[in-house]
Amino acid sequence: MRNSLYRGRFILIPIGIAAFLSATSFVVMTLWNYLLPGILHVGVITFWQAMGIFILCKILFGFGKGGHRWGGGGGGRDWMRGRMSEKFRNMTPEQKEEFKAKWDQKCGRGRWGERHNWDRFAEEATKTAE
């Protein structure tokens, strides 16, 4: 039984990809033909043109492999957190207090209304230094 499923996926995966590409191309074509001729005064497109537009957009703008996810990531990219922790570590205590005051004034409260946890950020800065 398992052997037949293993062989079957070499047939089912390309069929699934073709079905997804066809459905997406149909949606692109339908939306284009419904919206854009009235808004931008462009011509209607065919199914194959819609598929070409979809593939071109995927090539130009990426295939969804990462990037910023809303609500996740823990506060930015790793390289940016490293740069900020380096700057924070090299500040004097007066500069740190001034920075905290400016940050709270500009950004206010963090997500869910709590104040920024500067002690945790300072701890992370010392950990990266070691």
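Every chain is numbered independently, its residues counted from 1 as its sequence is written. Given that this is a predicted model, residues contribute local features only at a pLDDT of at least 70 and side-chain atom pairs are listed and counted only at 80 or more, while totals for whole chains, interfaces and linings are drawn from all residues. Side-chain numbers here rest on the full set of heavy atoms in the structure, without hydrogens or water.

Observations regarding the packing of aromatic side chains
Two rings from Phe, Tyr or Trp (for Trp, the six-membered ring) form a pair when their centres are within 6.5 Å of each other. A pair whose planes differ by under 30 degrees is stacked, one over 60 is edge-to-face, and the rest are tilted. For the structure on display, the rule yields two aromatic pairs. Summarising the aromatic geometry, the rings of Phe88 and Phe99 are spaced 6.2 Å apart at their centres and angled 65 degrees between planes, so their arrangement reads as edge-to-face. A residue pair is termed long-range when its members are at least 10 positions apart, and Phe88 in helix 3 (residues 78–89) and Phe99 in helix 4 (residues 93–107) qualify at eleven residues. Only when the NZ atom of a Lys or the CZ atom of an Arg is both within 6 Å of the ring centre and within 35 degrees of the ring normal do we say a charge sits over the ring. Between Arg9 and the ring centre of Phe10, over which it is positioned, the NZ or CZ distance is 5.5 Å. In DSSP terms, a helix is any run of H or I states spanning at least four residues, a strand is any run of E spanning at least two, and both are numbered starting from the N terminus.

Details of the environment of Trp48
By the secondary structure assignment, Trp48 is in helix 2 (residues 47–61). Distance from Trp48 to Phe26, taken between C-alpha atoms, is 9.2 Å for residues 22 residues apart in sequence.

Topic: unusual backbone geometry
Not every positive phi belongs to a glycine, and His41 is a case in point at roughly 55 degrees. Following the sequence through the fold, His41 ends up in the loop between helix 1 (2–40) and helix 2. Only protein chains enter the area calculation, which uses a 1.4 Å probe; residues under 20% of their type maximum are buried, those over 50% are exposed, and those in between are partly exposed. Judged by relative accessible area, His41 falls into the exposed class, the value being 68%.

Examining the pattern of salt bridges
Salt-bridge detection follows one rule: a side-chain nitrogen of Lys or Arg within 4 Å of a carboxyl oxygen of Asp or Glu. Applying the stated criterion to the full structure yields three salt bridges. In this structure, the salt-bridge partner of Lys100 is Glu97, at a minimum N-O distance of 3.4 Å. With Lys100 and Glu97 both in helix 4 and three residues apart, this pair spans about one turn of that helix. Residue Lys100 is classed as buried on the basis of its relative accessible area of 17%.

Examining the confidence of the model for the protein chain
Of the residues in the protein chain, 68% have a pLDDT of 70 or more, and the chain-wide mean is 78. The least confident element of the protein chain is helix 5 (residues 118–129), whose mean pLDDT is 63; the most confident is helix 2, at 93. As a per-residue quantity, pLDDT reports the predictor's confidence and falls between 0 and 100. By definition in these notes, contact holds between two residues if any of their heavy atoms fall within 4.5 Å. Low pLDDT, under 50, characterises residues 68–73; the predicted model gives this stretch two contacts beyond four residues in sequence or across chains.

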